[in-house]
Amino acid sequence: MDRETCWQVIEQQRRAIADLLADLTPQQWETPSLCAGWRIRDVAAHIAITPDPPSPAVMLGAGLRARGNYNRFIHDLTIRHANRPASELVTQIRTNAASRRLPKLTNYRNILFDTVVHGQDIAIPLGRSIAVPPTAAAAAADRAVQVGWPVWDRHRLDGIHLSANDIDWEYGNGSEIRGPITALLLLITGRAATLDQVTGDGIDRLIRQLSR
């Protein structure tokens, strides 16, 4: 997908996420998400601050506490922002849904897969759904397979051939895993929640590699 289409999908996903969150009970906000160590509230906070980051002073403080660890930096910023009222997080996501502001050191392709995946992180544990066009999931997967350090082990997909059954998309060589493109996207990004949607002799290998 081109840049303009990607931004349109990002906006649509943000609005769908805000609509889903607005309907949650206080207990549901505390539900563990698919993103390891984060509640629904924490994922919502991360989505909220992506186009509307904290002040430079807050960012600097988080950077110093993280001591150069990227994942720790993101976690710290997110957990602190998640202390805000749920209604404020929903409003922030909705207000900035169409924003094309990019945090430093990233690009719109990263924002696409981040937004799509985090929408599923919220929806699936709650038994809800956020629709993702297969073309958008494929574009997100194209970027996600390229991402390694400092986010993921760059060898996590070695020896695996991923093949979508709802769109013309495939990646890698080796033992096959076949299924819907959104399910594959979640596997690529370390989520095991969609394993029941895929088949193939590469599943056990991928589970071992993701658990390293």
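As annotated in an unreviewed UniProt entry, the protein chain carries the name Maleylpyruvate isomerase family mycothiol-dependent enzyme and comes from Nocardia amamiensis.

Student: I tried to follow the packing of aromatic side chains on my own but got confused; where do I start?
Tutor: One pass over the full model with this rule turns up one aromatic pair. Geometrically, the ring pair formed by Phe113 and Trp152 is tilted, given 5.9 Å between the ring centres and 40° between the ring planes. Of this pair, Phe113 sits in helix H7 (residues 108-123) while Trp152 is found in the loop between helix H8 (134-144) and strand S1 (160-164), placing the two residues 39 residues apart along the sequence.

Student: Please explain helix H6 (residues 86-95) as it appears in this structure.
Tutor: Since there are 3.6 residues in each turn of an α-helix, residues three or four apart along the chain are aligned in direction. Listed as buried for H6 are Ala86, Leu89, Val90, Gln92 and Ile93. For H6, the buried positions fall inside an angular range of 165° around the axis, keeping them on one side. Looking at H6, the residues exposed on the side facing more than 90 degrees away from the buried face are Ser87 and Thr95. Of the surrounding secondary structure, the elements contacted by the buried residues of H6 are helix H1 (3-21), helix H2 (26-29), helix H3 (40-49) and helix H5 (70-81).

Student: What am I meant to see in the nonpolar core here?
Tutor: By size, the foremost hydrophobic cluster in this structure holds 36 residues, and its most contacted members are Leu112, Leu162, Trp169, Ile177, Leu184 and Ile188. Of all the secondary-structure elements, those providing two or more residues to this core are H1, H7, H8, S1, helix H9 (181-188) and helix H10 (203-210). Contact partners of Leu184, with chain neighbours within four places excluded, come to Leu162, Ser163, Ala164, Trp169, Ile177, Gly179 and Val198. Formed by 28 residues, the second largest nonpolar core is a distinct cluster that contains Ala44, Val90, Ala123 and Ile130.

Student: Can you help me understand the environment of Gln28 in this one?
Tutor: On the secondary structure map, Gln28 appears in helix H2. Considered as a pair, Gln28 and Arg39 are eleven residues apart in the sequence and their alpha carbons are 9.1 Å apart.

Student: Help me understand the sheet that holds S1 in this model?
Tutor: Two pairing modes exist for strands in a sheet, parallel and antiparallel, and in both the strands are linked by backbone hydrogen bonds. Spatial strand order, S2-S1-S3: three strands in an open sheet with mixed pairing. At either end of the open sheet lies a strand with only one pairing partner, and these are strand S2 (170-171) and strand S3 (175-179). Alignment of S1 against S2, held across two bridges, turns out to be antiparallel. Among the inter-strand pairings, Ser163 is bridged to a residue of S2, identified as Glu170. Sheet strands in contact with H9 are S1 and S3, and its direction is about 150° off that of S1.

Student: Where do I start with the pairing of S1 in this structure?
Tutor: Each regular strand displays side chains that alternate between the two surfaces of the sheet. With respect to burial, S1 is a largely interior element, five of its five residues being buried. Residues Ile160, Leu162 and Ala164 point to one face of S1 and His161 and Ser163 to the other, with burial holding for every one of them. As defined by bridge partners, S1 adjoins S3 across five bridges and the pair is classed as parallel. When the sheet's bridge partners are listed, Ile160 is paired in S3 with Ser175. Hairpin remark: S1 followed by S2, antiparallel, with five residues in the connecting loop.

Student: Which parts of the structure should I look at to understand H3?
Tutor: In terms of burial, H3 is largely enclosed, as ten of its ten residues are buried. Buried residues in H3 make contact with H1, H2, H5, H6 and H7.

How each quantity is defined
- Residues numbered from 1 in each chain as written.
- Predicted model: local features only at pLDDT ≥ 70, side-chain atom pairs only at ≥ 80, totals over all residues.
- Heavy atoms only, no water.
- Phe/Tyr/Trp six-rings, centres within 6.5 Å; stacked < 30°, edge-to-face > 60°.
- Helix = DSSP H or I, 4+ residues; strand = E, 2+ residues; numbered from the N terminus.
- Buried < 20%, exposed > 50% of the residue type's maximum accessible area, 1.4 Å probe, protein only.
- Arc of directions from axis to C-beta.
- Contact = heavy atoms within 4.5 Å.
- Core = buried A, V, L, I, M, F, W, Y, C linked by side-chain atoms within 4.5 Å.
- Pairing = 2+ DSSP bridges.
- Axes fitted to C-alpha atoms, helices over the stretch in contact; angles between N-to-C directions.

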